[in-house]
There are 2 protein chains.
Amino acid sequence: MTATTDQDAALRIAAGRKPFVEPLRLGERLKEIRLAHQWTLEDVSRRTGLARSTLSKIENDQISPTFTAVQKLINGLGIDLPQLLSPPRVQPRTMGRRDLTRRGEGQRHPTPTYEHELLSCELAQKRMIPFKTIVRARAFDEFSEWVRHDGEEFLMVLDGEILLFTEYYEPLALASGDSIYFDSAMGHALVSVSDDDAVVLSVCTRGESST
Amino acid sequence: MTATTDQDAALRIAAGRKPFVEPLRLGERLKEIRLAHQWTLEDVSRRTGLARSTLSKIENDQISPTFTAVQKLINGLGIDLPQLLSPPRVQPRTMGRRDLTRRGEGQRHPTPTYEHELLSCELAQKRMIPFKTIVRARAFDEFSEWVRHDGEEFLMVLDGEILLFTEYYEPLALASGDSIYFDSAMGHALVSVSDDDAVVLSVCTRGESST
DNA sequence: ATGCGCTGTTCACTATAGGAAACGAGGTTT
DNA sequence: AAACCTCGTTTCCTATAGTGAACAGCGCAT
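Scoring rules and cut-offs
Residues numbered from 1 in each chain as written. Chains lettered and ligands numbered in written order. Predicted model: local features only at pLDDT ≥ 70, side-chain atom pairs only at ≥ 80, totals over all residues. Heavy atoms only, no water. Helix = DSSP H or I, 4+ residues; strand = E, 2+ residues; numbered from the N terminus. Buried < 20%, exposed > 50% of the residue type's maximum accessible area, 1.4 Å probe, protein only. Contact = heavy atoms within 4.5 Å. Areas by Shrake-Rupley, 256 points an atom, 1.4 Å probe, with all protein chains shown as cover. Pairing = 2+ DSSP bridges. Axes fitted to C-alpha atoms, helices over the stretch in contact; angles between N-to-C directions. Near = heavy atom within 4 Å. Polar contact = N/O pair within 3.5 Å; in protein donor to acceptor, adjacent residues only side chain to side chain. Nonpolar A, V, L, I, M, F, W, Y, C, P; charged D, E, K, R; others polar. Arc of directions from axis to C-beta. Core = buried A, V, L, I, M, F, W, Y, C linked by side-chain atoms within 4.5 Å. Parallel < 35°, antiparallel > 145°, perpendicular 65-115°, else oblique. Left-handed = near helix turned anticlockwise from the far one by under 90°.

**Here's the deal with the overall build of chain A**
Here is step 1 of the chain: Secondary structure assignment for chain A yields six helices and 10 strands.
Here is step 2 of the chain: Counting all 211 residues of chain A, 51% fall into the buried class.
Here is step 3 of the chain: Long-range pairs, those at least 24 residues apart, make up 64% of the contacts in chain A with a sequence separation of at least 6.
Here is step 4 of the chain: Element-wise, carbon and sulfur atoms account for 50% of the exposed surface of chain A, whose accessible area totals about 9900 Å².

**A few points about the sheet that holds strand 8 (residues 179-183) of chain A**
Here is step 1 of the chain: Sheet architecture is open: seven strands sit in the order 2(A)-3(A)-4(A)-10(A)-5(A)-8(A)-1(B), paired in antiparallel fashion. Each having just a single partner strand, strand 2 (107-110) of chain A together with strand 1 (98-101) of chain B make up the two edges of the open sheet. If you compare each strand with its neighbour and ignore which way they point, the axes differ by 20° on average.
Here is step 2 of the chain: Pairing of strand 8 of chain A with strand 1 of chain B, which is carried by four bridges, proceeds in the antiparallel orientation. Along strand 1 of chain B, the bridge assignment pairs Phe 182 of chain A with Arg 98 of chain B.

**A closer look at the pairing of strand 3 (residues 114-118) of chain B**
Residues and elements named next belong to chain B.
Here is step 1 of the chain: Taken across its five residues, strand 3 has four buried, putting it largely inside the fold.
Here is step 2 of the chain: In sequence, strand 2 (residues 107-110) turns back onto strand 3 through a hairpin of three residues.
Here is step 3 of the chain: Pairing geometry for strand 3 and strand 4 (residues 128-135), over five bridges, is antiparallel. Among the inter-strand pairings, Leu 118 is bridged to a residue of strand 4, identified as Phe 131.

**Things to note about the protein's contact with DNA strand D**
Here is step 1 of the chain: In the vicinity of DNA strand D lie 22 residues, with Arg 34, Thr 40, Leu 41 and Ser 53 of chain A together with Lys 57 of chain B positioned nearest.
Here is step 2 of the chain: When atoms of DNA strand D within 4 Å of the protein are sorted by moiety, sugar and phosphate together comprise 57%.
Here is step 3 of the chain: Here Arg 52 of chain A contributes a side-chain N or O atom positioned 3.1 Å from a base oxygen of DNA strand D.
Here is step 4 of the chain: Residue assignment for the surface near DNA strand D shows that the elements contributing at least two residues are helix 4 (52-59) of chain A together with helix 4 (52-59) of chain B.

**Topic: unusual backbone geometry**
Here is step 1 of the chain: Even without being glycine, Gln 38 of chain A reaches a positive phi, approximately 55°.
Here is step 2 of the chain: Residue position: Gln 38 of chain A is located in the loop between helix 2 (26-36) and helix 3 (41-48).
Here is step 3 of the chain: The phi torsion at Asp 61 of chain B lies on the positive side, around 55°, for a residue other than glycine.
Here is step 4 of the chain: Its location among the elements puts Asp 61 of chain B in the loop between helix 4 and helix 5 (67-77).

**Quick look at the protein's contact with DNA strand C**
Here is step 1 of the chain: Residues in close proximity to DNA strand C total 24 residues, the closest being Lys 57 and Ile 63 of chain A together with Arg 34, Leu 41 and Ser 56 of chain B.
Here is step 2 of the chain: In DNA strand C, atoms within 4 Å of the protein come from the sugar-phosphate backbone in 61% of cases.
Here is step 3 of the chain: Between Arg 34 of chain B and DNA strand C, the recorded distance is 2.6 Å, taken from a side-chain N or O atom to a phosphate oxygen.
Here is step 4 of the chain: Separating a phosphate oxygen of DNA strand C from a side-chain N or O atom of Thr 40 of chain B is a distance of 2.9 Å.
Here is step 5 of the chain: Taken together, the elements giving at least two residues each to the surface near DNA strand C come down to helix 4 of chain A together with helix 1 (3-16) and helix 4 of chain B.
Here is step 6 of the chain: A class-by-class count of the residues in the surface near DNA strand C yields six nonpolar, 12 polar and six charged.

**A few points about the sheet that holds strand 2 of chain B**
Here is step 1 of the chain: Taken together, the seven strands give an open sheet; going across it, the order is 1(A)-8(B)-5(B)-10(B)-4(B)-3(B)-2(B), and neighbouring strands pair in antiparallel fashion. Edge positions in the sheet fall to strand 1 (98-101) of chain A together with strand 2 of chain B, since each of these pairs with one other strand and no more. Shown here is a sheet whose adjacent strand axes are inclined to one another by a mean of 20°, direction ignored.

**Remarks on helix 4 of chain B**
All names here are of chain B.
Here is step 1 of the chain: Taken together, the buried positions of helix 4 are Leu 55, Ile 58 and Glu 59. Along the axis of helix 4, the buried positions cluster into a sector of 95°, meaning they face one direction only.
Here is step 2 of the chain: As for helix 4, its buried residues are in contact with helix 2 (26-36), helix 3 (41-48) and helix 5.
Here is step 3 of the chain: A positive phi of about 55° marks Asp 61, the residue just after helix 4.

**Comments concerning the side chain of Ser 184 of chain B**
Residue and element names in this part refer to chain B.
Here is step 1 of the chain: Relative to the assigned elements, Ser 184 resides in the loop between strand 8 (179-183) and strand 9 (188-192).
Here is step 2 of the chain: With relative accessibility at 0%, the residue Ser 184 sits in the buried group.
Here is step 3 of the chain: Engagement of the side chain of Ser 184 in a polar contact is seen with the backbone oxygen of Gly 151, the distance being 2.8 Å.
Here is step 4 of the chain: When neighbours within four sequence positions are excluded, Ser 184 is seen to be in contact with Val 147, Arg 148, His 149, Asp 150, Gly 151, Glu 152 and Glu 153.

**Focus on the nonpolar core**
Here is step 1 of the chain: Judged by nonpolar contacts, the single largest core of 20 residues is most densely connected at Leu 155, Ile 162, Leu 174 and Leu 190 of chain A.
Here is step 2 of the chain: Among the secondary structure elements, those contributing two or more residues to this core are strand 5 (152-159), strand 6 (161-166), strand 7 (172-175), strand 8, strand 9 (188-192) and strand 10 (198-205) of chain A.
Here is step 3 of the chain: If near-sequence neighbours (up to four positions away) are discounted, Leu 155 of chain A is found in contact with Ile 162, Leu 174, Asp 178, Ser 179, Ile 180, Phe 182, Leu 190, Val 200, Leu 201 and Ser 202 of chain A.
Here is step 4 of the chain: Membership of the second largest hydrophobic core comes to 19 residues, among which are Ala 137, Leu 172, Phe 182 and Ala 189 of chain B.

**A look at the side chain of Ser 192 of chain A**
All names here are of chain A.
Here is step 1 of the chain: Structurally, Ser 192 can be placed in strand 9.
Here is step 2 of the chain: Reaching out from Ser 192, the side chain makes a polar contact with the backbone oxygen of Val 135 at a distance of 3.1 Å.
Here is step 3 of the chain: Setting aside residues no more than four positions away along its own chain, Ser 192 makes contact with Val 135, Ala 137, Arg 138, Glu 161, Ile 162, Asp 197 and Ala 198.

**A word on the packing of helix 3 of chain B against helix 4 of chain B**
All names here are of chain B.
Here is step 1 of the chain: It is the contact of helix 3 with helix 4, at a shortest axis distance of 9 Å, that shows an interaxial angle of 110°. Comparing the axis directions of helix 3 and helix 4 gives the class roughly perpendicular. Regarding helix 3 and helix 4, the two cross each other, and that crossing is right-handed. Touching Leu 41, Glu 42, Val 44, Ser 45 and Thr 48 of helix 3 are Arg 52, Leu 55, Ser 56 and Glu 59, all from helix 4.

Structure follows, in structure tokens:
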């Protein structure tokens, strides 16, 4: 098992189980949009080039539109695909969630090189993944491969001193209190150089396009 | 041959002509993904439930997949739709940026209640905003109003002890090493309760909708 | 070489999406 | 009320997406 896989796994666990396939009430959504603009089927037909009947069937889930049809829709209606697919244009989820993690109470994920402690893992659907890591690795060659994942990462050294190896830069020494922000698609790896294992706090961005 | 039908047809032809819409090289993109994972058509077939032949045709733009087919794809491949549709834009900017901030070298922004130190402020276009804050406020009533901004916020106490006031919850005591994740649209405010001013590290998400 | 196993493509057929026109339900005009 | 409009739905029919099987190409083993 490679370091990459380890961290990927941790991130994936943090990301939580996939909600599998949602029904994706496309027809319903289309009708919402149409009525919101007070358009008739004929209006939409003129805008999109799709037949009135076709639109009716799509709205009532009697057919599954072709991808070209979907394109005509998003194009003709002047909306983009996410808009068409996110039926519950809900704000509610943005308000008032909270997730406390007391010192040392995160969810631990040990690997040969790192010991991760996932923070705030009660909350699903969040846009950042924070975790504290004890860096056990002492030499770069303990990594079989670059650690690498989509998105961006912010990192602050809480304790000890580390060397940050990155794919495109010289190794960088970071002491307690130093912080760095980088694209995490660039290969990276941490090594402790202080007497005790170093501790860092990381925050990764979630893969985008969350609906 | 009624005038209505003629006009309808004319409009539909005009709309149906596809001059500008179709930058979506879906087949190409699918092939990219498949090869990136070193999957064979048969593998993808098993994952998605679509026939090998169908997949081949989709990859070669010989057919326009049904929306249900697209769903099977994104579902079976474990990707989401934006991923499937956005081949070109993601790659360029994601690779290799880096921004180091040594301890205490951030950009300071003092306010009556807080003393912020912005970290990694060299980098534009990043998805998280990290900053270290010295909490000067000693009582809740030093705030004239809730602090409130779009997005989400992660916060870890680095030093001292604070009280986190939030709009929808009771005040929460946080000691060094405790962390919390919350929707920052919910009003919030920090107060130091330790002898020295407390220090916290915060990371906020950037507003979305970059498009 | 011959045969085997695997790849991706192509064929022939079935299932279904898309379009034109007919239909039925309100609403407005006369 | 009948004669319309205009709306959305439904009914054919044709165009095409989706499938399984056959095919051609390639590496590998015998």
